[in-house]
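Now for the letters of each chain:
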Amino acid sequence: MPVETHNKPPIKTPKPRQLGGGLLVLFTVLLVLNFILPGFGPRLPQVPYSDFVAKVEANQVDRAIIGQEQIEFSVKPNTQDSQDQPATAKVFKTTPVALDLDLPKILRDHNVEFAAPQPSSNGWIGTLLSWVVPPLIFFGIWGWILNRQGGGPASLTVGKSKARIYSEGTTGVKFGDVAGVDEAKAELQEIVDFLKNADKYTRLGAKIPKGVLLVGSPGTGKTLLAKAVAGEAGVPFFSISGSEFIELFVGVGASRVRDLFEQAKQQAPCIVFIDELDALGKSRAGNNMLGGNDEREQTLNQLLTEMDGFEANTGVILLAATNRPEVLDPALRRPGRFDRQVVVDRPDKIGREAILKVHARNVKLADDVNLGLIAIRTPGFVGADLANLVNEAALLAARGNRPAVQMADFNEAIERVIAGLEKKSRVLNEMEKKIVANHEVGHAIVGALMPGAGKVEKISIVPRGVGALGYTLQLPEEDRFLMAEDEIRGRIATLLGGRSAEEIIFNKVSTGASDDIQKATDLAERSVTLYGMSDTLGPVAFEKAQQQFLDGYSSPRRTVSPKVTEQIDREVKEIVDNAHHIALAILDKNRELLEETARALLDKEVLEGDALRAQLNRAQAPAEMESWLCTGKLPEETHLMQTVLV
Ligand code: ADP
Ligand code: ZN
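Remember, predicted model here, so these are calculated numbers, not experimental data.

Undergrad: Any chance you could explain the sheet that holds strand S4 (residues 113–115) here in plain terms?
TA: Spatial ordering of the open sheet is given by S3-S2-S1-S4, a layout of 4 strands whose pairing is mixed. At either margin of the open sheet sits one strand with a lone partner, and together these are strand S3 (91–94) and S4. Adjacent strand axes in the sheet meet at a mean angle of 15° when their direction is disregarded. Sheet topology places strand S2 (residues 71–75) next to S3; 4 bridges connect them, and they run antiparallel. Looking across to S3, one finds that Glu72 is bridged to Lys93. Relative to the sheet, helix H2 (residues 49–57) contacts strand S1 (61–66), S2 and S3, its axis offset from that of S2 by approximately 40°.

Put into structure tokens, the structure is as follows:
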């Protein structure tokens, strides 16, 4: 006879959305069965405990099953009390009183056969439940978390889910869309040929390169070139950025590398492009501080393993981009890995014109637009800047409701890109304006007298972008690759012209010149330590050569004796001091012109074009300037001009 054990209360589980209704339904069914099944057994009449004891003592009870929570007992035939109980009932149940320890004795005394209940006979469900429910709850919660995080932090979406991101299919970009980087294009043309006619090379036993490193400043078009290679060859393009490999959990990056290569191999021939390779492949040697690099190291190792692992001619070609090749781990550049380097340079004037043409294809240009002239005025611009420039000009024309983009729009756009957007809202107070005006005119007058610095095109005291309160725009007449000694001196003097004007007019300096001073000092130092322009120190390089594309990467001094260091310092100071003296002498001599031009600038806020040039043409050179430009020295008898600083 089944003895009902206590039923488990229904347990509230978080709904496992992901594991689907199936498990949930199963769970519910089991639970319901557990409640219902015992109900199929006979329903026993319940009597009070005292009745039970009374019946025992009256010798009416035949046998009893004593459970923890229930006692069932059968009554001897013909002895039941027919008034209270249905005649047919022979078996009753009662709830035991826990502390009644006398019961066994009483039962024995009255010859009642008694026993404990058999271990639960409806237990198969109970047992099943006790095994099934906890894992269900566990998986339910797990599934719920995963579901909730869906697409969220990578910490929980590890593995293959990122797969889609790598592949961009065929790019549709052609070499025609990339301009101004002809050398890089020529080198990559070979890769296109490898991909297109692989058997031409493999038949002769040639090994197709596995990895090509594209090196160049940001925005020079490395990504675009990689896409163009894929587009020209008509193969799929997989891309991922080095920084995406670096993840929260150690090992994720490595598994991602594995995943990427697995996909790529399935779709070979194809291009795999890794942007920012330096984020991943930083030299392990230079970076052994306090652990923390395990993840990157593992990822890097996996990448190396994968590169070694696939056969040379499977048709997977890796292109990677970086602007800091010197920090890459040497292991990455061994033969069979990224053993080819393609430099993607900043475009020259002709290149810039070509890039402008590419981006102006879909822009309506007015007749007066001369892309060649724009290219001349934008030295140092990279492809991304030029793309931005064209767009900016088009926006300006649209804002002015002009039917086509005019040269004036481009000129305005150049300024915007160079100096940041005009911020007319930032207002200088009168005194600040006066200082800025004199400062800028100081640059302009000194600059007008110096060789090779280009024409001063515009002076403005309209604050722009961050930091620049005013600016002097000096545009070169041509691309310059070399700077002569005198031009460097002239440049330093021009840089100091702003501060010198403040000194002469106000007898004090402001913080506004700090950027100028920084640049002037850097230039002076480079002329001594890198260009070997100092007479006393001679053509010895005291700094390790800096690679051209490494913007802002300061190169370390060679190990030099303290004496030489002192000498360098003295030379640098002399160069700067002499240039400062010349700037002061020029402005002193042209003081009237300085004040007059500054007043005009304050009045108009912007001076440019012929009016400005006519003004600056009046500037006169002081006597010592010529010889200083040639030798860098001032005549013996000159005392450095000193201005009183309050
Ligand atoms: P990088 O990868 O070197 O940082 P990108 O290839 O991402 O530079 O260049 C960004 C954008 O700048 C390109 O999408 C393209 O519009 C423009 N661009 C850059 N270089 C060139 C170029 N040489 N010719 C045409 N457009 C270019
Ligand atoms: Zn300045």
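That was the structure; now back to the text.
Undergrad: I tried to follow the site of ligand 1 on my own but got confused; where do I start?
TA: Around ligand 1, 15 residues are found, and the nearest of them are Ala179, Gly219, Lys222, Thr223 and His359. At 2.7 Å from a nitrogen atom of ligand 1 is found a main-chain nitrogen or oxygen belonging to Ala179. The contact in question runs from an oxygen atom of ligand 1 to an N or O atom on the side chain of Thr223, over 2.5 Å. For ligand 1, whose accessible area on its own is 560 Å², the fraction buried by protein is 78%. Among the elements of the structure, helix H8 (222–233), helix H13 (349–360) and helix H15 (383–399) are those that each provide at least two residues to the shell around ligand 1.

Undergrad: Would you take a moment to explain the coordination of the zinc ion (ligand 2) for this structure?
TA: The protein atoms donating to the zinc ion (ligand 2) are His439 (NE2), His443 (NE2) and Asp516 (OD), with metal-donor distances spanning 2.0 to 2.1 Å. Here the donor residues of the zinc ion (ligand 2) share one chain and are spaced in sequence as H-x3-H-x72-D. Note that His443 is positioned in helix H17 (residues 430–449) and Asp516 in helix H19 (residues 514–529), a separation of 73 residues in sequence. For the pair His443 and Asp516, one class covers both residues: buried.

Undergrad: Explain unusual backbone geometry here, please?
TA: A positive phi angle, close to 55°, is found at Asn401, a residue other than glycine. Assignment of secondary structure puts Asn401 in the loop between H15 and helix H16 (407–419). Look at Asn401 and you get exposed, because its relative accessible area is 70%. One non-glycine residue, Asn507, adopts positive backbone phi at about 60°. Relative to the helices and strands, Asn507 resides in the loop between helix H18 (485–506) and H19.

Undergrad: What should I look at first to understand the sheet that holds strand S5 (residues 211–215) in this one?
TA: Strands pair in a sheet through their backbones, by hydrogen bonds, and they do so in one of two ways: parallel or antiparallel. Spatially, S6-S7-S8-S5-S9 is the arrangement adopted by the 5 strands of the open sheet, whose pairing is parallel. The open sheet terminates on both sides in strands that have one partner only, identified here as strand S6 (237–241) and strand S9 (340–343). Along the sheet, successive strands turn relative to each other by an average axial angle of 20°, direction set aside. Lying on the sheet, H8 is in contact with S5, S6, strand S7 (270–275) and strand S8 (316–322); it crosses S7 at an angle near 170°.

Undergrad: What should I look at first to understand a negative patch on the surface in this one?
TA: Together, Asp182, Glu183, Glu187, Asp345 and Asp348 line one region of the surface with negative charge. Along the chain, Asp182 turns up in helix H6 (residues 182–196).

Undergrad: Can you help me understand the pattern of salt bridges in this one?
TA: Once their charged atoms are close, side chains differing in charge can pair, the charge on each being opposite to the other. Counted under the stated rule, the structure contains 20 salt bridges. For Glu113, the salt bridge is made with Arg63, and the minimal N-O distance between the two is 3.8 Å. A residue pair is termed long-range when its members are at least 10 positions apart, and Glu113 in strand S4 and Arg63 in strand S1 qualify at 50 residues. Since its relative accessible area comes to 42%, Arg63 is described here as partly exposed. Residue Asp177 is joined to Arg361 by a salt bridge in which the shortest nitrogen-to-oxygen separation is 2.9 Å. Separated by 184 residues along the polypeptide, Asp177 in the loop between helix H5 (163–166) and H6 and Arg361 in the loop between H13 and helix H14 (371–376) bring together distant segments of the chain. Residue Arg361 is classed as exposed on the basis of its relative accessible area, which comes to 52%. What emerges from the salt-bridge pattern is a single network uniting Glu392, Glu412 and Arg416.

Undergrad: Hey, could you run me through a nonpolar patch on the surface in this one?
TA: Taken together, the side chains of Phe138, Phe139 and Trp142 make up a nonpolar region of the molecular surface, amounting to roughly 350 Å² of accessible area. With respect to the secondary-structure elements, Phe139 resides in helix H4 (residues 123–149). Given the relative accessible area of 43%, Phe139 is considered partly exposed.

Undergrad: What am I meant to see in the environment of Leu103 here?
TA: Counting through the fold element by element, Leu103 comes out in helix H3 (residues 103–109). C-alpha of Leu103 to C-alpha of Val53: the two residues are 50 residues apart in sequence and 8.2 Å apart in space. Those residues in contact with Leu103 that lie beyond four places of it in its chain are Tyr49, Phe52, Ile66 and Ile71.

Undergrad: Any chance you could explain the packing of aromatic side chains here in plain terms?
TA: Remark: the centre distance and the inter-plane angle together describe each pair of aromatic rings, the angle taken between the planes. The final tally for this structure, using the stated rule, is 6 aromatic pairs. On the numbers, 6.0 Å between centres and 45° between planes, the contact of Tyr49 with Phe52 is tilted. Remark: Phe52 and Tyr49 occur in helix H2; sequence separation between them is 3 residues, near one turn of the helix. Overall, Tyr49 belongs to the buried group, its relative accessible area being 13%. Overall, Phe52 belongs to the buried group, its relative accessible area being 0%. Ring geometry for Phe194 against Tyr201: centres 4.5 Å apart, planes inclined by 70°, an arrangement best described as edge-to-face. For the pair Phe194 and Tyr201, a shared accessibility class is recorded, and that class is buried.

Undergrad: Even after reading the chapter, I still don't get the packing of H13 against H15, so can you show me in this structure?
TA: Any two packed helices are characterised by how steeply their axes cross, that is the angle between the axes, and by the distance between the axes. In the contact formed by H13 and H15, the axes pass within 9 Å of each other and the chain directions differ by 45°. Relative to H15, the element H13 is oriented oblique. Note that H13 runs across H15; the crossing there is right-handed. Residues Arg352, Ile355, Leu356, His359 and Ala360 of H13 form the contact with H15, whose participating residues are Gly383, Leu386, Ala387, Leu389 and Val390. Looking at the contact of H13 with H15, its residues break down into 7 nonpolar, 2 polar and 1 charged.

Undergrad: Honestly, the nonpolar core in this entry has me stumped. Any pointers?
TA: Judged by nonpolar contacts, the single largest core of 45 residues is most densely connected at Ile445, Met450, Ile492 and Trp628. Among the secondary structure elements, those contributing two or more residues to this core are H17, strand S10 (455–460), H18, H19, helix H20 (562–589), helix H21 (591–604), helix H22 (609–616) and helix H23 (625–631). The element contributing the most residues to this core is H20, with 10 residues. If we ignore the near neighbours within four places in the chain, the residues touching Ile445 are Ile586, Leu587, Asn590, Leu593, Leu594, Leu616 and Ala619. Core analysis: the next-biggest nonpolar cluster, separate from the first, contains 29 residues, Val181, Leu188, Tyr201 and Val344 among them.

Undergrad: Sorry if this is basic, but what is going on with H19 here?
TA: Residues spaced three or four apart along an α-helix point in a common direction, a consequence of the helix completing one turn every 3.6 residues. Look at H19: 22 Å from first C-alpha to last across 16 residues, which is about the 22 Å you get at 1.5 Å a residue. Residues Asp516, Ala520, Leu523, Ala524, Ser527, Val528 and Thr529 constitute the buried set of H19. Contacts from the buried residues of H19 go to H17, H18 and H20.

Each value, and the rule that gives it
Residues numbered from 1 in each chain as written. Chains lettered and ligands numbered in written order. Predicted model: local features only at pLDDT ≥ 70, side-chain atom pairs only at ≥ 80, totals over all residues. Heavy atoms only, no water. Pairing = 2+ DSSP bridges. Helix = DSSP H or I, 4+ residues; strand = E, 2+ residues; numbered from the N terminus. Axes fitted to C-alpha atoms, helices over the stretch in contact; angles between N-to-C directions. Contact = heavy atoms within 4.5 Å. Near = heavy atom within 4 Å. Polar contact = N/O pair within 3.5 Å; in protein donor to acceptor, adjacent residues only side chain to side chain. Areas by Shrake-Rupley, 256 points an atom, 1.4 Å probe, with all protein chains shown as cover. Donors = N, O, S within 2.8 Å, 3.2 Å for Na, K, Ca; no water. Buried < 20%, exposed > 50% of the residue type's maximum accessible area, 1.4 Å probe, protein only. Patch = residues over 30% accessible without salt bridge, like charges linked within 9 Å, V, L, I, M, F, W, Y side chains within 5 Å. Salt bridge = Lys/Arg side-chain N within 4 Å of Asp/Glu carboxyl O. Lys, Arg positive; Asp, Glu negative; His and termini not counted. Charge placed at Lys NZ, Arg CZ, Asp CG, Glu CD. Phe/Tyr/Trp six-rings, centres within 6.5 Å; stacked < 30°, edge-to-face > 60°. Parallel < 35°, antiparallel > 145°, perpendicular 65-115°, else oblique. Left-handed = near helix turned anticlockwise from the far one by under 90°. Nonpolar A, V, L, I, M, F, W, Y, C, P; charged D, E, K, R; others polar. Core = buried A, V, L, I, M, F, W, Y, C linked by side-chain atoms within 4.5 Å. Expected span 1.5 Å × (residues − 1).

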